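Residue-level structure breakdown
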Amino acid sequence: MIRYRLVKVNAALKDILALPNGTVYYLGNKSRSADAVVEICLREFEKADSAFDLFAGSGTIARALATHMRVITNDIQAYSWKLCSAALQADHVASESLMKTARTDLLKEASAALLSHFASEVDHEKLIIENALDKNYDAEARRQELSNNLREKFGRDFPIVGNYGSVYFSIKNACELQAAANFSTTLPPEEKLLLDAGTISAASHSSLTVGNQFAQPIKLRDKNGLPKKDAIKKYAKGFVMDSIEFVINSLQFYPSKDMISNDNICLNSDDNSAMQTHGSQAGFIYLDPPYGREHYSRYYHVLESIATNDYSTISNNLSRMRGNRFQSPYGHRTKARQTFEQLIAKAQSLSLPVALSYVDETRGKSVANRILSLDDLREILRTNYSYIKEYNVSEKTYSQFNQLGTTHDLRIGHEVLFVAK
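The rules behind each value
- Residues numbered from 1 in each chain as written.
- Predicted model: local features only at pLDDT ≥ 70, side-chain atom pairs only at ≥ 80, totals over all residues.
- Heavy atoms only, no water.
- Salt bridge = Lys/Arg side-chain N within 4 Å of Asp/Glu carboxyl O.
- Helix = DSSP H or I, 4+ residues; strand = E, 2+ residues; numbered from the N terminus.
- Buried < 20%, exposed > 50% of the residue type's maximum accessible area, 1.4 Å probe, protein only.
- Axes fitted to C-alpha atoms, helices over the stretch in contact; angles between N-to-C directions.
- Left-handed = near helix turned anticlockwise from the far one by under 90°.
- Contact = heavy atoms within 4.5 Å.
- Nonpolar A, V, L, I, M, F, W, Y, C, P; charged D, E, K, R; others polar.
- Polar contact = N/O pair within 3.5 Å; in protein donor to acceptor, adjacent residues only side chain to side chain.
- pLDDT = per-residue confidence, 0-100.
- Phe/Tyr/Trp six-rings, centres within 6.5 Å; stacked < 30°, edge-to-face > 60°.
- Lys NZ or Arg CZ within 6 Å of the ring centre and 35° of its normal.

**Some remarks on the pattern of salt bridges**
- In the structure shown here, the tally under the stated rule is 15 salt bridges.
- Its salt-bridge partner being Glu176, residue Lys172 comes within 2.7 Å of it at the nearest N-O pair. Taken together, the residues span about one helical turn, with Lys172 and Glu176 both in helix 10 (residues 171–184) at a distance of 4 residues.
- In this structure Lys172 comes out as buried when scored by relative accessible area, which is 15%.
- Taking the shortest distance from any N to any O, the salt bridge between Arg378 and Asp375 comes out at 2.7 Å. Residue Arg378 and its partner Asp375 are both found in helix 18 (residues 374–384); the two are separated by 3 residues, about one turn of the helix.
- The network of salt bridges with common partners includes Arg337, Glu341, Asp376 and Glu379.

**Structural notes on the packing of helix 17 (residues 336–349) against helix 18**
- Where helix 17 meets helix 18, the closest approach of the two axes is 9 Å, and the angle between their N-to-C directions is 35 degrees. Like other packed secondary-structure pairs, helix 17 and helix 18 cross with a definite hand, here right-handed. Contact residues: Arg337, Phe340, Glu341, Ile344, Ala345 and Gln348 in helix 17; Asp376, Leu377, Glu379, Ile380, Leu381 and Asn384 in helix 18.
- The residue inventory of the contact of helix 17 with helix 18, partitioned by class, reads 6 nonpolar, 2 polar and 4 charged.

**Re unusual backbone geometry**
- For the bond from Tyr254 to Pro255, the omega torsion is -10 degrees, close enough to zero to count as cis.
- By the secondary structure assignment, Pro255 is in the loop between helix 13 (243–250) and strand 3 (265–267).
- Despite not being glycine, Arg320 shows a phi value in the positive range, around 55 degrees.
- For Arg320, the location among the structural elements is in the loop between helix 16 (301–308) and helix 17.
- Positive phi outside glycine occurs at Ser351, with the angle close to 60 degrees.
- Mapped onto the fold, Ser351 is located in the loop between helix 17 and strand 5 (354–363).
- Owing to a relative accessible area of 63%, Ser351 belongs among the exposed residues under this scheme.

**Remarks on helix 13**
- The buried count for helix 13 comes to 7 of 8 residues, which makes it a mostly enclosed element.
- Looking at helix 13, one finds that the buried residues are Ser243, Ile244, Phe246, Val247, Ile248, Asn249 and Ser250.
- Two or three places before Ile244, at the start of helix 13, stands the capping residue Asp242, its side-chain oxygen 3.0 Å from that residue's backbone nitrogen.

**What to know about the environment of Thr339**
- Here Thr339 lies in helix 17.
- For the pair Thr339 and Pro329, spaced 10 residues apart in sequence, the C-alpha separation works out to 6.8 Å.
- Not counting residues within four places of it along the chain, the set of residues in contact with Thr339 comprises Pro329 and Tyr330.
- At 2.7 Å, the side chain of Thr339 forms a polar contact with the backbone oxygen of Lys335.

**Remarks on the confidence of the model for the chain**
- Residues at a pLDDT of 70 or more form 88% of the chain, whose mean pLDDT is 87.
- In this model residues 7–13 is a low-confidence stretch, pLDDT under 50, and it forms 9 contacts with partners more than four residues away in sequence or in other chains.
- The model gives residues 397–411 a pLDDT under 50, and that stretch makes 34 contacts with residues more than four places away or in other chains.

**Observations regarding the packing of aromatic side chains**
- This structure, assessed with the given rule, holds 20 aromatic pairs.
- Both rings, one in Phe154 and one in Phe158, keep their centres 6.2 Å apart while their planes meet at 65 degrees; by these two values the pair is edge-to-face.
- With a relative accessible area of 14%, Phe154 lands in the buried category.
- Their ring planes at 80 degrees and their centres at 4.7 Å tell us that Tyr291 and Tyr358 sit as a pair that is edge-to-face. Linking Tyr291 in the loop between strand 4 (284–287) and helix 15 (296–299) with Tyr358 in strand 5, this pair joins segments that are 67 residues apart in sequence.
- A residue is classified by how much of its surface remains accessible, and Tyr358, at 1% relative accessible area, is buried.
- One aromatic cluster in this structure is built from Tyr26, Tyr79, Tyr296, Tyr299 and Tyr300.
- Across the ring face of Tyr299, the terminal group of Arg298 is positioned such that the distance to the ring centre comes to 5.6 Å.
- The ring centre of Tyr387 lies 5.0 Å from the NZ or CZ of Lys421, which sits over that ring.

Below you can see the structure in the form of structure tokens.
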């Protein structure tokens, strides 16, 4: 019998410190270019005392701008709203109180109790992974059988464990995330918000997925039925990573440090409604809408369920996708151009100057799937604004996993910031 050795590592704090702002793995994250974007905005909009980040995502740009001015954020996804609210609206008293509560081991005790309740399932999954390198042992089939049993028995009462255990998380990590989610319901609103944000961060880091997104769980066997060593190794880390420690460590990033204003606003709305209600309060608007067909709700549906505590429409198949997930018109080829034109026209009608981010990517020898091109954006901006300036912000390379999660292509990202006023 071939066994995969589970080696203990203490990486919770190391991993979170390595991620900018300690938030989540995120497509299009602007952590590398945030300083340059903010520097340009401060120069171009020197009289502005507030900024509106309309598609806030993980909140990287909003957090960077908040050290210089008041910010308003918006995103249609609830997980983004919670991350931004915890970073930009929570107070330090609540954060210190929650840290003290967490350090008194109440949260760890809740986690230990839940792990005890699911001890047999945790042991079962661990046995599967220990034998996963054995070619004669179908670990993937056993894993899927285990996840289906969890869904049937515990999907309602323990939704994170039942729906995502042995799918997107190890059962151990799912229990820890479930314990944190349950524990947050006992806290005052300010502390609950902070713990929810920490749980979302921990879920992002605990994922057993391709590229740390939630579009597809990793598979333990390839198309030829052979064990995938890298996937098995990643899965094994789920048994030694302490998600509760990760939750607690992530709290040091909430709220953000050195904010200028204590009057920041965080919205959870569609972009048109948000601009209509709060656009007049901003000195300029920062735009980083989706430009491709990759709907963010496909990559972060698990985080959305955790943020909303709504698991009622999750599918029964292995993807566990939300049935009511939002699909942006910016990601539809037939709708994107008109939707973007309306967005820019709305900003202009509100007399809002615009800072617009765009990454023109190439993958290998072919152009990546961008629905709108740089020329499209230039044309739309020129139709609405008389002053247009284009900055080359960065050029970077990074890896993109393919559908099997076994190989990757090299992408080159040419990042541009348009300023229009």
